[in-house]
Each structure stands twice: as structure tokens, then as C-alpha cells.
Amino acid sequence: MRGIVAYGGYVPRLRLQRKSMVEANSWFNPGLKTKAKGERAMCNWDEDSLTMAVEAGRDCLAGDRPDNVGAVYLASTSLPFDDRQNAGVLATALNFGENMMTMDVTSSQRAGTSGLINALNAVAGQDGPALYVAAEKRRTKAAGPHELLYGDGAAALMLGTENVIAEFLGAHQTAVDFIDHYRGQNEDFDYSWEERWIRDEGYFKIVPRTLEGLFAKVDVKPEDVDHLVMPTVMGAVPKRIAKMAGIREDAVRDNLHANMGESGTAHSLVMLVDALQDAEPGQTVLLIGWGQGCDALLFRTTDALKALSSRRGIKGSLARRREETNYNKYLAFNNLVTQDMGLRSEVDKQTALSALYRKKEMLTGFVGGKCRKCGTVQFPKSNVCVNPNCGEFHSQDDHPFAEIPAKVQSWTADNLTFTPDPPQHFGMVVFEEGGRLMADLTDVDVGGVEVGMPMRMVFRVKEHDDQRGFTKYFWKAAPDQAGA
Amino acid sequence: MANGIKDKVAILGMGCSKFGERWDSEADDLMVEAVEECLTDAGIERNQIDAAWFSTAIEEVHVGKSGVPLSVALRLPYIPVTRVENYCASGTEAFRGAVYAVASGAADIALAVGVEKLKDTGYGGLPQRNRGVLQSMYWANASAPGSFAQLATAYSTKHGVDAADLKRAMAQISVKSHDNGAKNPKAHLRKPIDIDTVLNAPMIAEPLGLFDCCGVSDGSAAAIVTTPEIARSLGKKDLVSVKALQLAVSNGTEASHNSWDGSYFMTTRKASERAYKEAGIDKPREQISMFECHDCFSVTELVTMEDLYLSKEGEAWKDVLDGFYNADGQIPCQIDGGLKCFGHPIGASGLRMLYEMYLQILGRAGERQLDNPVHGMTHNLGGFPHQNVSSVSIVGRYDG
């Protein structure tokens with residue numbers, strides 16, 4: 001049996017209120033007024049597709065981390081690097097070591113599901129399970145409809161052949177160069193065609209014939225589908241597709257428009273994880289991916305579903321939320337407005353790639369050291385043990401810090417140093433097993449930090465080197481909220 | 001312990017430029033201003049100097065590296081000039097180099113000059129700069145006030161001091177320094193302030209407001225040192241000699257080991273313990289007449305009073321509110337205005353502190369003159385509370 005072994009999810013904590021977006025822009029586009037309900041997930045300034053992928057991946061590994069992961073895939077059309085394998089950064093951040101296959105899957109909203117089919121087909125013949133992650137943070141032009149419809153998010157699946165929670169029953173794919181939208185090379189934004197054409201000539205023709213192809217291959221009837229996972233910003237389309245295909249209307253899954261928005265190539269997987277969090281053993285899940293053709297994948301959940309350890313998933317991520325009503329902040333975080341950053345922002349941010357390589361386990365993987373002689377856990381790992389009563393040379397083994405619970409020992413909110421989201425909170429973060437770090441704090445609110453506050457380390461953007469197009473990542477401390 | 005530096009070296013002369021936003025001056029102008037006063041005070045010519053130590057900290061925004069800027073500014077006659085940098089203790093390091101050269105016998109007369117020209121960045125506060133190849137990839141995005149502000153949260157947590165009481169004590173520290181600085185013609189900030197102004201000032205890094213932070217200034221200070229014997233032979237009667245010069249540098253314990261609680265300076269405690277021993281002082285609260293501590297931020301001064309063993313641990317805030325450190329208190333602190341008001345041109349600050357102690361001991365401090373001081377102490381703290389360099393120096397009347 002091959003299929004899904006575990007799942008994880010991540011949705012950024014900030015939820016931009018559509019009402020605020022519409023209030024800012026309806027003077028220009030009165031048509032937006034009908035779209036002011038609900039909220040969309042919005043990355044903090046230090047989040048992107050890669051950082052969300054790391055969080056979703058960690059969630060997927062929660063409680064039961066396999067020691068033999070053989071492949072890491074990352075699907076997205078909004079990756080921080082066009083040429084530097086993003087999945088490789090993800091694998092390094094998750095400390096998988098180098099003996100594995102890593103691959104980015106991109107260039108289409110369908111990449112998330114197409115890559116998944118390939119990964120599922122490959123996993124039976126490969127050593128160890130595969131971690132498959134999809135993440136998306138699409139930029140949209142201001143004052144248009146898409147910024148209201150889209151949301152940022154990520155989902156992760158562990159694929160394997162043992163302890164399968166959702167068996168892969170089969171898939172069918174159609175490749176149709178139907179251009180509902182496209183994004184040309186070096187372009188920041190999508191260019192889209194008319195919605196009614198997309199609906200009538202695209203969805204209503206291409207999806208049904210893809211489903212016909214699927215049901216011809218598998219021993220499942222359309223009416224047996226319990227969960228139809230079909231992401232689309234056109235909310236009424238999935239019900240009509242269900243009807244056309246003979247799928248029960250009550251199987252159609254919520255597209256999470258109200259509280260998250262559509263997360264592009266990640267959204268099929270985001271909705272799938274949401275469905276798996278609701279599903280009972282023995283249920284059939286139909287997953288659809290859309291984009292220059294259509295993917296349809298069929299899964300059946302197993303009894304192992306209920307034995308999966310507790311995790312955040314999409315539901316837990318959606319529960320971890322803070323309302324954001326400042327549309328200007330969204331514009332600034334997404335580089336949609338030219339801000340006066342001040343002279344203090346003008347420091348040269350070049351990264352020495354040779355140093356980053358030497359210290360990749362420390363910087364990307366957040367690996368410190370543990371002294372073999374005295375047991376002291378310390379960050380960074382160093383040549384000489386930091387314990388004043390030890391001081392042994394060359395005595396430290398690698399010790400991963402990312403999952404160690406931590407607390408704030410001292411902190412401040414700094415209005416002087418440059419940060420895209422002032423004030424800069426940072427403080428001495430002390431780890432439960434020993435070790436400490438003067439760390440940037442993130443996802444905190446002014447007035448919300450206290451000495452002794454429990455923290456969880458997260459992989460985030462340290463800074464952007466706009467001069468050279470490089471993004472520098474490191475780990476920060478975020479409040480360890482219940483369910484987070 | 002080695003027998004130490006006590007009374008082996010005397011100060012022959014000192015000088016200090018006017019500190020402030022010296023829009024009119026280059027670094028060499030400031031150096032010459034300090035050194036001319038210093039040479040006049042010492043009563044010697046440039047060509048009598050055997051060797052020089054030169055301190056700057058953030059040289060990338062003004063003079064650049066090496067000993068050359070000093071040698072060129074003064075047209076020194078091809079003598080050894082060593083540039084030193086050790087964060088905010090740089091000025092004291094220049095002094096230490098010169099003093100050790102004389103004590104060793106390698107030089108008869110040595111010069112120490114510190115300078116910093118910070119006001120060419122286009123904005124207030126210290127220059128933003130790259131922290132180094134590896135550090136810039138993982139150090140917190142911290143300003144100096146943000147790093148030091150955390151002393152306050154850790155201190156109030158450890159000692160159970162109400163945040164409002166601590167904030168008031170911190171404010172009183174700044175009020176006291178402004179009172180003192182107003183009487184100093186060379187000080188950068190010369191306006192007395194009231195406590196409500198401090199308490200209501202804009203927040204820089206919680207809980208440090210604008211008036212909890214020292215000024216960023218341009219300036220230079222200089223010292224010429226020699227042996228007491230040579231000083232006497234040059235006609236000097238009242239001498240100020242070096243009693244102790246100590247330095248302690250973090251080894252990463254505070255930053256990486258959980259034995260440090262963030263509420264005090266490990267380095268300052270080590271340095272002051274050694275300095276008192278070197279100077280033969282066993283009751284500092286009674287024997288120290290006055291001191292200049294590194295009040296980069298009000299809270300730094302507050303915890304330093306404890307790390308110098310002048311106040312009991314957890315009680316400095318009470319001494320501050322009781323006026324113990326005021327100009328008319330038992331141990332006047334920052335009698336020249338301190339970093340807070342005299343200003344903080346980093347490479348010059350350690351020498352500036354010594355300049356005030358020297359003037360006070362010789363009775364030349366004018367309106368600020370204290371009554372018969374015997375021992376003056378200076379303290380520098382460079383870096384961050386969790387990783388720093390701390391110097392403690394003691395000078396006093398030479399009775400030999």
C-alpha cells in the first residue's frame with residue numbers, strides 16, 4: 001500500500017480583513033464592495049513560501065519523525081529563488097542530511113498535484129518516505145480582485161508505504177494549454193482572462209472529462225466520494241462539477257475562502273489536509289488540481305488515520321490568528337508601495353556564500369552543540385565548551401535546537417534599529433535543555449511580550465538583500481501558543 | 001597576582017576637546033584640540049614623546065584604520081603609533097597601552113589619544129553597520145539601546161523591583177547627569193532637565209526613553225604619561241598616579257550559558273574585583289571618592305553601581321533615589337556630566353573620564369570641583385550586556 005503517511009499545515013497568523021481592503025480601494029473599484037466579507041491569510045514581513053514550507057514540514061514531522069526520509073519536494077510558483085534549489089533549503093532547515101532526492105515543482109497552479117502524483121508513483125521504489133510540501137505567497141496588484149481572493153499558506157504530506165493513513169487509489173491527468181491566467185518571465189503579477197470563459201470553457205469542460213478518465217481507472221464510483229477537494233476562487237463551480245460528475249453535493253469541501261483565501265498551487269494540498277482532519281477511516285477523498293489541464297487523485301483513508309499523533313494541520317493554523325486591519329501594512333510587506341525606509345536601512349547586506357555554506361547546519365538547520373564531557377547544550381556549537389566548569393576542546397556533537405521549547409529571559413521593543421515592522425522585538429531566549437540565544441522575536445504584538453513567556457523557534461527571513469536579490473534566513477522565537 | 005601597576009606611572013598632562021556635534025571639525029581637528037591642551041599641561045614638546053597609542057572604535061565612518069591618522073594629524077616624528085579598538089573601552093585601552101609602555105621601561109614618555117567623529121552619518125544614534133560575515137547572519141537585529149534595555153527587564157524580574165520604581169530611578173540618573181553636565185563648558189548637552197521630562201520622553205527601546213540614552217558625539221581626549229620620577233624631574237609637584245587598570249572580556253558564557261540571568265555585568269564584577277585588589281582598596285563604598293561609569297544608558301549606570309560594589313545588589317535604585325551618587329552625595333558619579341551629557345565619542349570616552357578624575361584630584365575642576373577627592377575610578381562597558389568588554393581604572397593622588 002502506498003499513500004499519505006502524515007500531514008501538516010501552516011497558515012500565517014495575520015488575517016487581513018477584506019473589509020479594510022475594500023474600504024481602501026472601493027473609491028477606485030466600486031465592484032469590490034460585494035467582496036468585503038471574511039479575511040485572507042497574510043504573511044508577516046519575514047515569511048515567504050519557503051518559510052511557510054518549513055513550518056508545514058515541521059508540523060508534518062510532529063511527534064513521529066522518520067529517520068529515513070528519502071526525498072523532499074517543494075511545489076510553489078512563488079519561490080524565493082529561481083536558481084538555487086528551494087527544496088534543498090527546506091531539507092537543510094529540516095536537518096535531513098544530504099543523502100536524498102530534492103526537487104522543486106513549479107510553473108503552474110497544477111504543480112502541487114502533478115508533483116504529488118509523481119512523488120506517489122516514485123515512493124514505492126525509493127528508499128524511505130518522501131516529504132511533499134506545497135506553499136504559496138502570490139503577489140497581486142493593489143485594488144484588484146485577486147488580492148481579496150488569494151491567501152498565503154502551505155501544506156505538507158509524508159508519502160510512504162507503511163502506516164498509510166490515506167491509500168493512493170489512482171490518478172488521471174489531462175494536459176490542456178488553457179490559459180486562464182499566466183505570469184511571464186520576470187513579471188511580478190498574473191495576467192488573467194474573463195471569468196465566465198474560464199468557468200464555461202475551462203472548468204466545466206476540462207474537469208469533467210478528467211474525472212471520467214479517473215473513474216474509468218479505479219474501482220470507485222463517483223457517488224462513493226466522501227470528500228471532493230477542488231480549489232477554485234469561483235465558489236459555485238465545485239458543486240456544479242460534482243453534479244456533472246455524479247458526486248454527492250455534500251461531499252464538496254469548503255474552499256476556505258472565508259477565513260484564509262486561495263493559496264495557489266498549495267491550495268489543493270491545504271484543502272486536502274483540512275479534509276483529512278475531518279475524515280473518518282474508510283472514506284474516499286477526491287483531490288483536484290487545476291492549471292493548463294487538470295489532475296485528479298483518489299485516496300481512501302485507513303484505520304491508521306485515527307492513530308496519527310496530534311498536530312496543528314490547517315485547522316490548528318486557522319485557529320492561530322490575529323486580525324490585521326491595516327491594509328497599508330499589507331502593501332508594505334508585499335513591496336506594493338515605495339516606502340521611505342530611512343537612512344538606517346542602508347546597510348550593505350551582502351551574504352558571504354562560503355561562510356553560509358560552512359555554517360549551513362547552524363544557520364539554516366539551527367543545529368548547536370552538546371558537550372560529550374559535561375552534557376552542556378549550547379548554541380552556536382563551538383570548539384571549546386561554554387560551560388565555565390568544563391571548557392573542553394572539540395567535545396561537541398551536533399544538537400538540533402529547533403524543536404526545543406524556550407522561554408524569554410529578557411526582551412525589549414526597539415524603535416531605533418531598522419526593521420520593516422517596528423518596533424523590533426528581540427530578547428534573550430533560554431532553551432529548556434540548556435543553551436540560549438539573543439534572538440529576534442516575531443509574531444508578537446506591542447505590549448504582548450513578557451519575561452518567562454513560552455516560545456517556539458521558527459524559520460524566518462532575516463533580511464532581504466535587495467541589491468543582490470538574496471534572501472537571508474535564520475531562526476526567530478515566536479510565542480508558543482496553544483495549538484501552535 | 002603580579003604586583004600590578006599601582007604608582008608605577010603618573011599622568012604628566014591631559015587634554016580634552018569640546019564634545020558635541022562638531023559639524024565644523026574633522027577628526028584631526030578634534031585630536032589637535034585635545035593634544036595641544038595635553039602638551040601644554042604636560043609642559044613638553046611633541047618630540048619628547050617616545051610612543052603613542054591611538055583609539056577609535058567605528059573608524060569606518062571617519063579616519064579609517066591604523067595608527068597613521070594620529071601620526072599624520074600631529075606630524076609625529078616617525079615614532080611607534082599603535083591603533084587600538086576594544087568597543088567602548090577603546091579610549092581606556094589607549095591609556096593602558098601608554099601606561100604599560102612606561103611601566104615596562106620601554107618608553108619614558110608615552111601619549112594616548114582617543115577620537116571619534118560620528119556625526120557624518122546623516123542620522124542620529126550610532127552608525128548602522130555590518131557586524132561581520134557570520135554575526136550578520138544570526139545576531140539579533142539589535143540597536144545598542146535595545147540590547148541594554150533588557151538589563152531593566154531582567155533586573156526588575158530578579159530583584160522584584162516594580163517597573164515604575166526602576167523607571168523613576170533610571171530617570172533620576174539622567175536628571176543628575178544633566179545637572180552636572182550643565183556646569184561643564186566642554187560637555188555636549190548642557191541643559192538641566194526635570195524628572196517628568198525623562199519619564200514622558202519618547203520610547204527608544206522599551207523601557208529606555210530618549211533621556212535614558214547618552215548622546216552620540218564627536219570629540220577627542222588625550223593623556224601623556226611617564227614615571228613619577230621623570231614627572232618630578234620635569235617640575236611637577238602634585239601628581240596623579242595610576243592605581244589600577246583592569247579589563248575583563250566576555251568569553252561567551254553570558255551569551256550561551258544559562259548561568260547568567262541578564263541582570264548584571266559579569267565582566268564589570270571581575271574587573272572591579274581585580275582593580276580594587278591592584279589599588280589596595282578593600283572598602284570601595286568608603287574609599288572611592290568619585291567615579292565616572294559607562295552610562296551609555298541610565299540602566300547601565302544603575303546596575304554598574306552594584307557591579308562596582310558601591311551599592312548592594314538589588315539596591316542601587318534606592319541609593320540613586322536617595323541622592324547617594326549626586327554631586328553633593330557620598331560618591332559623586334558622572335560629575336562631568338558622563339556619557340549622558342559630556343557625550344560619547346567612543347574612542348575618546350575612556351580618556352575623557354580619566355581627564356575629569358585628573359582635574360578633580362588636582363583641584364582644577366572649576367565649578368564642578370569636589371571637596372578633596374583622593375581616589376577616582378573610571379569604568380567602560382563596550383558591546384552588549386550579554387557579550388562585552390569592561391574596563392575599570394583607578395587613579396589617585398601620588399604620595400610617593
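Residues numbered from 1 in each chain as written. Chains lettered and ligands numbered in written order. Predicted model: local features only at pLDDT ≥ 70, side-chain atom pairs only at ≥ 80, totals over all residues.

## Focus on helix H1 (residues 18-25) of chain A
Heads up, the rule is: Any residue surrounded by 20 or more other C-beta atoms within 10 Å of its C-beta is treated as buried, while 12 or fewer makes it exposed and the intermediate range makes it partly exposed; C-beta atoms here are placed from the backbone. Labels follow the DSSP assignment, with helices taken as runs of H or I lasting at least four residues and strands as runs of E lasting at least two, numbered in each case from the N terminus. This arc is taken over the directions from the axis of the helix to the C-beta atoms.
Among all positions in H1 of chain A, only Arg18, Met21 and Val22 of chain A are buried. Seen from one end, H1 of chain A has its buried residues packed into an arc of 95°, which puts them on one side.

## Observations concerning the sheet that holds strand S15 (residues 367-371) of chain A
Residue and element names in this part refer to chain A. For clarity, the threshold we go by: By the convention used here, strands pair only if DSSP detects at least 2 bridges between them.
One open sheet accounts for three strands, arranged S16-S15-S17; its pairing is antiparallel. Edge strands, defined here as strands with exactly one partner in the open sheet, are strand S16 (377-378) and strand S17 (396-400). When S15 meets S16, the two strands line up antiparallel, connected through two bridges. When the bridges of S16 are listed, Lys370 appears paired with Val377.

## Things to note about the nonpolar core
Condition: In plain words, the nonpolar core is the set of buried Ala, Val, Leu, Ile, Met, Phe, Trp, Tyr and Cys residues that C-beta atoms within 7 Å link up. The domain limits used here are those given by an automatic or database domain assignment. The contact criterion used is a C-beta to C-beta distance within 7 Å, with each C-beta placed from the backbone.
In this structure, Tyr73, Leu90, Val133, Ala154 and Ala155 of chain A are the most contacted members of the largest nonpolar core, which totals 138 residues. Sort the elements by how many residues they give to this core and helix H8 (residues 267-278) of chain A lands first, with seven residues. Of the domains in this structure, domain 1 (3-333) and domain 2 (349-366 + 401-479) of chain A are the two that each give at least three residues to this core. Residue contacts for Ala154 of chain A: discarding those within four places in its chain leaves Tyr10, Met52, Ala53, Glu55, Ala56, Val133, Ala134, Ala135 and Ala266 of chain A. In terms of nonpolar packing, the next biggest core, distinct from the first, is built from 135 residues, Val84, Ala112, Leu359 and Ile361 of chain B among them.

## Digging into the interface of chain A and chain B
In plain terms, the rule: Any residue that is not Ala, Val, Leu, Ile, Met, Phe, Trp, Tyr, Cys, Pro, Asp, Glu, Lys or Arg is counted as polar, Gly included; the first ten are nonpolar and the last four charged.
Between chain A and chain B, the residue contacts involve 41 residues of the former and 34 residues of the latter. Taken together, the residues of the side of chain A that touches chain B break down into 20 nonpolar, 13 polar and eight charged.

## Here we look at the environment of Phe96 of chain A
All names here are of chain A. Tracing the chain through its elements places Phe96 in the loop between helix H3 (86-93) and strand S5 (101-105). On a C-alpha basis, the gap between Phe96 and Trp411 in space is 32 Å, while along the polypeptide they are 315 residues apart. Setting aside anything within four residues of it in sequence, one finds Phe96 in contact with Val69, Val72 and Ala91.

## A few points about the pairing of strand S4 (residues 71-75) of chain A
All names here are of chain A. Definition in use: By definition, the crossover connecting two strands over a helix is right-handed if that path, from the first strand to the second, turns clockwise as seen with the strands pointing away from the viewer.
With five of its five residues buried, S4 lies for the most part within the structure. Of the two faces of S4, both are covered, the one formed by Ala71, Tyr73 and Ala75 as well as the one formed by Val72 and Leu74. As paired strands, S4 and S5 are joined by five bridges and run parallel to one another. Following the sheet pairing, Val72 is matched in S5 by Thr102. Chirality of the crossover, the property in question, places the unit of S4, H3 and S5 among those that are right-handed. Where S4 meets strand S6 (residues 130-136), five bridges bridge the pair, whose relative direction is parallel. Residue pairing for S6: Val72 is matched across the bridge by Leu131.

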